[in-house]
Amino acid sequence: MTTTTSLDRPAAPQPFQRVSGARKLKDWVATILVGLAFVVAVIPLVWLLVTVITSGYRALMSSAWWTHSLKGVLPEEFAGGVYHAIIGSLLQSLVCAVIAVPVGVLAAIYLVEYGRGRVARMTTFMVDILSGVPSIVAALFIFALWIGTLGFQQSGFAVSLALVLLMLPVVVRSTEEMLRLVPQELREAAYALGVPKWKTIVRIVLPTAMSGIVTGVMLALARVMGETAPVLVLVGYSRSMNFNIFNGNMTSLPLLIYSELNNPTPAGQLRIWGAALTLIILVMSFNLVAVALSRFSAIKTK
Amino acid sequence: MAKRIDIKGLNLYYGRFHAVDNVTLSIPPRNVTAFIGPSGCGKSTVLRSLNRMHEVIPGATVDGKVLLDGEDIYDAGVDPVEVRRTIGMVFQRPNPFPTMSIRDNVVAGLKLAGVRSKSRLEEVCERSLRGANLWEEVKDRLDRPGGGLSGGQQQRLCIARAIAVQPDVLLMDEPCSALDPISTLAIEDLITELKKDYTIVIVTHNMQQAARVSDMTAFFNLSGVGRPGQLVEADDTEKIFSNPGKKETEDYISGRFG
Ligand SMILES: Nc1ncnc2c1ncn2[C@@H]1O[C@H](COP(=O)(O)OP(=O)(O)OP(=O)(O)O)[C@@H](O)[C@H]1O
Ligand SMILES: [Mg+2]
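Residues numbered from 1 in each chain as written. Chains lettered and ligands numbered in written order. Predicted model: local features only at pLDDT ≥ 70, side-chain atom pairs only at ≥ 80, totals over all residues. Heavy atoms only, no water.

Looking at an unreviewed UniProt entry, one finds chain B named Phosphate import ATP-binding protein PstB, with Gandjariella thermophila as its source organism. The annotation that UniProt attaches to chain B under Subcellular location (unreviewed entry) is "Cell inner membrane". The UniProt entry for chain B carries this comment under Function (unreviewed entry): "Part of the ABC transporter complex PstSACB involved in phosphate import. Responsible for energy coupling to the transport system." (UniProt positions renumbered as here; feature names shortened; annotations may be inferred.)

Chain A goes by Phosphate transport system permease protein PstA in an unreviewed UniProt entry, where it is assigned to Gandjariella thermophila. Quoted verbatim from the Subcellular location (unreviewed entry) field of UniProt, the annotation for chain A is "Cell membrane".

Next comes the structure, spelled out in structure tokens:
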């Protein structure tokens, strides 16, 4: 290597200069800062998860936790489960989704495919306002309307209605974004084949945007599932099972956590953390389903 | 099949913007007509007005007549969906439907029009793919997604999709501009093949291509910056390229433009 012949030498002087010291330093500082920001963002998350898991996992170990309600269980007794609250959470959010998803998706289709002029602008404006409404306000509104004015009883369904108000703008917004991502060329390709507009939307545009729409809906659902304000205002607490969303008290996981806060015994503590962990698992599994579904319905090229 | 098109006093607008001024032109059946001209002179706009795709753009309006075998496609009672079923279109960039297999892409027009019969769809699929010179390349992977093909194959897939609905007229907007020379030749051969059955209008920036494939050439130009585009002249391709009637055309064709 020391005996450089004329052949080994580059024909022209090196065109590139080495990275300067100042740039190396900047690069180093930036890397450290970004790394630090990441750590700061992750620490509370990990901390939270660790706390919830270590304090709550024991509750989830018993099979009764998943299969029994708290009916007849004394506050200080390590027994019973949250089956009734899981069912309550699922029912309330599913009924909410059954209402919010079709309405939200149709509204988004209107905004993207048909909406022009004042009506569209008004709709967008309303959706913006709605997405800024705090959950307690949505709950109070439903309370005033459903229970106060229309005279219905408190019920799981009232909760679902409040959740609809919270879920709708998220569904509209995410669906709208996904529909706008569908290239105009695809619509034109369909029109050029003599396909009517509505059929183009149903058979070409929606399938193309489907994976994104499903993801948006699932995330909105996960979000709505943990909402606490509506269940505090709109439905009574019950220690036993209730499958009827239209009648009677109906416990959901947030409501169970809230009411067990009044129970200072170790059994109560365990129930709180156990229910919190169960809620996290539930929400997480919804997110996983969202990922799986979007993989499944994703656009394929290979 | 193959019908003639007569454009009469056509003016095209995007909102307030007057894009194309007063075009009158006859396009004979079973012929290839090429639109040439500098960028922005309104070739695509005129082409898109021939199957009422122009009005899909918000604010875009049309004034004038486009007669298809004597019938005005802009008549009040005419359904644009029917017009587009009769006059197919291939776009500059290949745009297969990303959620569909190759087979479904080809028969998309029929399927969406409600044709169910498996055997009929099979048959149309094969005939259209053969017609687009793509059959041999894809016959073993008809169930694979259309987006997985090469650019040239995708463009031929789009042509197959367009001819699967058996239109009378085929409009092509720079169909080869994203393709390599070999795919380009394949598509040019295909155009020559297709003109037996169809009336074809093609927009191209490639003079050789216009000279190679077209029977008639229409030269469009801008009368000035911000002014609408207009048809300068239209004649037999041979005449346009050897002995054009206007100096403007000669300058453009010989590259002495602007
Ligand atoms: N969607 C649109 N909205 C507003 N103006 C448009 C639109 N599409 C085209 N135009 C304008 O209309 C004129 C003609 O455009 P057109 O696309 O027909 O040109 P072209 O001859 O096809 O050009 P090119 O060769 O670059 O494709 C241009 O001035 C263009 O800016
Ligand atoms: Mg163009």
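Novice: Just checking my understanding: could you explain the overall build of chain A for this structure?
Specialist: From N to C terminus, chain A includes 11 helices and zero strands. Along chain A, from the amino end to the carboxyl end, the secondary structure elements read α-α-α-α-α-α-α-α-α-α-α. The C-alpha radius of gyration computed for chain A amounts to 27 Å, which surpasses the reference 19 Å derived for 302 residues by more than 25%, pointing to a less compact arrangement than a globule. If one aligns the C-alpha atoms of chain A with their principal axes, the spans along those axes are about 95 × 60 × 35 Å. Counting contacts in chain A only where the partners sit at least 6 residues apart, residues at least 24 apart contribute 74% of the total. (Helix = DSSP H or I, 4+ residues; strand = E, 2+ residues; numbered from the N terminus. Rg over C-alpha atoms; globule rule 2.2 N^0.38 Å. Contact = heavy atoms within 4.5 Å.)

Novice: How should the interface of chain B and chain A be read in this particular structure?
Specialist: Between chain B and chain A, the residue contacts involve 31 residues of the former and 22 residues of the latter. Taking both sides of the interface into account, the surface hidden between chain B and chain A amounts to around 2,300 Å²; carbon and sulfur atoms contribute 64%. Of all residues in chain B, Phe97(B), Pro98(B) and Leu112(B) bury the most surface against chain A, accounting for 27% of the area lost on that side. Inspection of the region where chain B meets chain A yields two salt bridges. (Buried area = accessible area lost by both parts, 1.4 Å probe. Salt bridge = Lys/Arg side-chain N within 4 Å of Asp/Glu carboxyl O.)

Novice: Just checking my understanding: could you explain helix H8 (residues 181-194) of chain B for this structure?
Specialist: Side chains that are three or four residues apart share a direction in an α-helix, a result of its 3.6 residues per turn. All names here are of chain B. With 14 residues, H8 extends 19 Å from end C-alpha to end C-alpha; this agrees with the ideal 20 Å at 1.5 Å per step. For H8, the full list of buried residues reads Ser183, Thr184, Ile187, Glu188, Leu190, Ile191 and Leu194. Looking down the long axis of H8, one finds its buried residues gathered within 160° of arc, a one-sided arrangement. Facing away from the buried side of H8, by more than 90 degrees, are the exposed residues Pro181 and Ile182. Of the surrounding elements, those touching the buried residues of H8 are strand E3 (32-36), helix H5 (118-131), helix H7 (151-164), strand E7 (169-173), strand E8 (199-203) and helix H9 (207-213). Capping of H8 at its N-terminal end is provided by Asp180; its side-chain oxygen lies 3.1 Å from the backbone amide nitrogen of Ile182. (Expected span 1.5 Å × (residues − 1). Buried < 20%, exposed > 50% of the residue type's maximum accessible area, 1.4 Å probe, protein only. Arc of directions from axis to C-beta. Polar contact = N/O pair within 3.5 Å; in protein donor to acceptor, adjacent residues only side chain to side chain.)

Novice: So what exactly am I meant to see when it comes to the site of ligand 1 here?
Specialist: All names here are of chain B. Around ligand 1, the surrounding shell holds 13 residues, and the nearest of these are Ser39, Lys43, Ser44, Thr45 and His205. Tyr14 is positioned with one of its side-chain polar atoms (N or O) 3.3 Å from a nitrogen atom of ligand 1. One of the side-chain N or O atoms of Ser39 is found 2.4 Å from an oxygen atom in ligand 1. Elements supplying a minimum of two residues to the shell around ligand 1: strand E2 (17-27) and helix H1 (43-49). Sort the elements by how many residues they give to the shell around ligand 1 and H1 lands first, with three residues. When grouped by side-chain class, the residues that make up the shell around ligand 1 number five nonpolar, six polar and two charged. (Near = heavy atom within 4 Å. Nonpolar A, V, L, I, M, F, W, Y, C, P; charged D, E, K, R; others polar.)

Novice: Any chance you could explain the pattern of salt bridges here in plain terms?
Specialist: Pairing between side chains of opposite charge can happen when the charged atoms of each approach one another. Across all of its chains, the model carries 25 salt bridges over all chains by this definition. Taken together, the salt bridges that share partners define one network made up of Asp128(A), Arg173(A), Glu176(A) and Arg180(A).

Novice: Looking at this structure, I do not really get the packing of helix H3 (residues 83-114) of chain A against helix H10 (residues 253-260) of chain A. What am I missing?
Specialist: The angle between the axes and the distance between the axes are what describe a pair of packed helices. All names here are of chain A. Axis separation between H3 and H10 bottoms out at 7 Å; the angle between their running directions is 135°. Viewed along their axes, H3 and H10 adopt a mutual orientation that is oblique. Along its contact with H3, which presents His84, Ala85, Ile86 and Ser89, the element H10 presents Leu253, Pro254 and Leu256. For the contact of H3 with H10, the per-class residue count stands at five nonpolar, two polar and no charged. (Axes fitted to C-alpha atoms, helices over the stretch in contact; angles between N-to-C directions. Parallel < 35°, antiparallel > 145°, perpendicular 65-115°, else oblique.)

Novice: I keep staring at the nonpolar core and nothing clicks. Help me out?
Specialist: Core analysis: the largest hydrophobic core is formed by 112 residues, its most contacted members being Met167(A) and Phe35(B). Two domains each donate at least three residues to this core, and these are domain 1 (21-61) and domain 2 (83-296) of chain A. (Core = buried A, V, L, I, M, F, W, Y, C linked by side-chain atoms within 4.5 Å. Domains from an automatic or database assignment.)

Novice: What is the right way to read the UniProt feature "transmembrane region" (unreviewed entry) in chain A from this model?
Specialist: All names here are of chain A. Under the feature "transmembrane region" (unreviewed entry), the UniProt entry names residues 28-53, 82-112, 124-148, 154-172, 204-225 and 272-293. In residues 82-112, the share of helix is 97% and the share of strand is 0%. The end C-alpha atoms are 43 Å apart. Between the end C-alpha atoms of residues 124-148 the distance is 29 Å, and the span holds 88% helix and 0% strand.

Novice: Please explain the pairing of strand E4 (residues 60-68) of chain B as it appears in this structure.
Specialist: Remember that side chains alternate between the two faces of the sheet whenever the strand is regular. All names here are of chain B. For strand E1 (residues 5-14) and E4, the ladder comprises eight bridges, and the chain directions are antiparallel. Within the sheet, the bridge partner assigned to Leu12 lies in E4 and is Val62. Examined bridge by bridge, E4 and strand E5 (residues 71-72) share two bridges and lie antiparallel to one another. Residue Leu67 lies in a different strand from E5, and its bridge partner there is Asp72. (Pairing = 2+ DSSP bridges.)

Novice: Would you take a moment to explain the domain arrangement of chain A for this structure?
Specialist: All names here are of chain A. In terms of domains, chain A is made up of domain 1 (21-61) and domain 2 (83-296). Placing a centre on the C-alpha atoms of domain 1 and another on those of domain 2 gives a separation of 30 Å. Listed by partner, the interface residues are 11 residues for domain 1 and eight residues for domain 2. Taken together, both faces of the contact between domain 1 and domain 2 bury some 760 Å²; the carbon and sulfur share is 89%. If you sort the residues of domain 1 by the area they bury against domain 2, Val52, Ser55 and Leu60 come out on top, with a joint share of 54%. There are zero salt bridges connecting domain 1 and domain 2. The tally of links from domain 1 across to domain 2 stands at zero residue pairs in polar contact (both at pLDDT 80 or more).

Novice: Even after reading the chapter, I still don't get the confidence of the model for chain B, so can you show me in this structure?
Specialist: Low-confidence regions, as indicated by low pLDDT, have predicted coordinates that should not be scrutinised in detail. Across chain B, pLDDT averages 91, with 98% of residues at or above 70. Complex prediction metrics read pTM 0.85 and ipTM 0.90. (pLDDT = per-residue confidence, 0-100.)

Novice: Explain the UniProt feature "domain: ABC transmembrane type-1" (unreviewed entry) in chain A here, please?
Specialist: On the UniProt side, "domain: ABC transmembrane type-1" (unreviewed entry) is annotated at positions that read residues 86-290 of chain A here. When the span residues 86-290 of chain A is considered, its composition is 79% helix and 0% strand, and the gap between its end C-alpha atoms is 19 Å.

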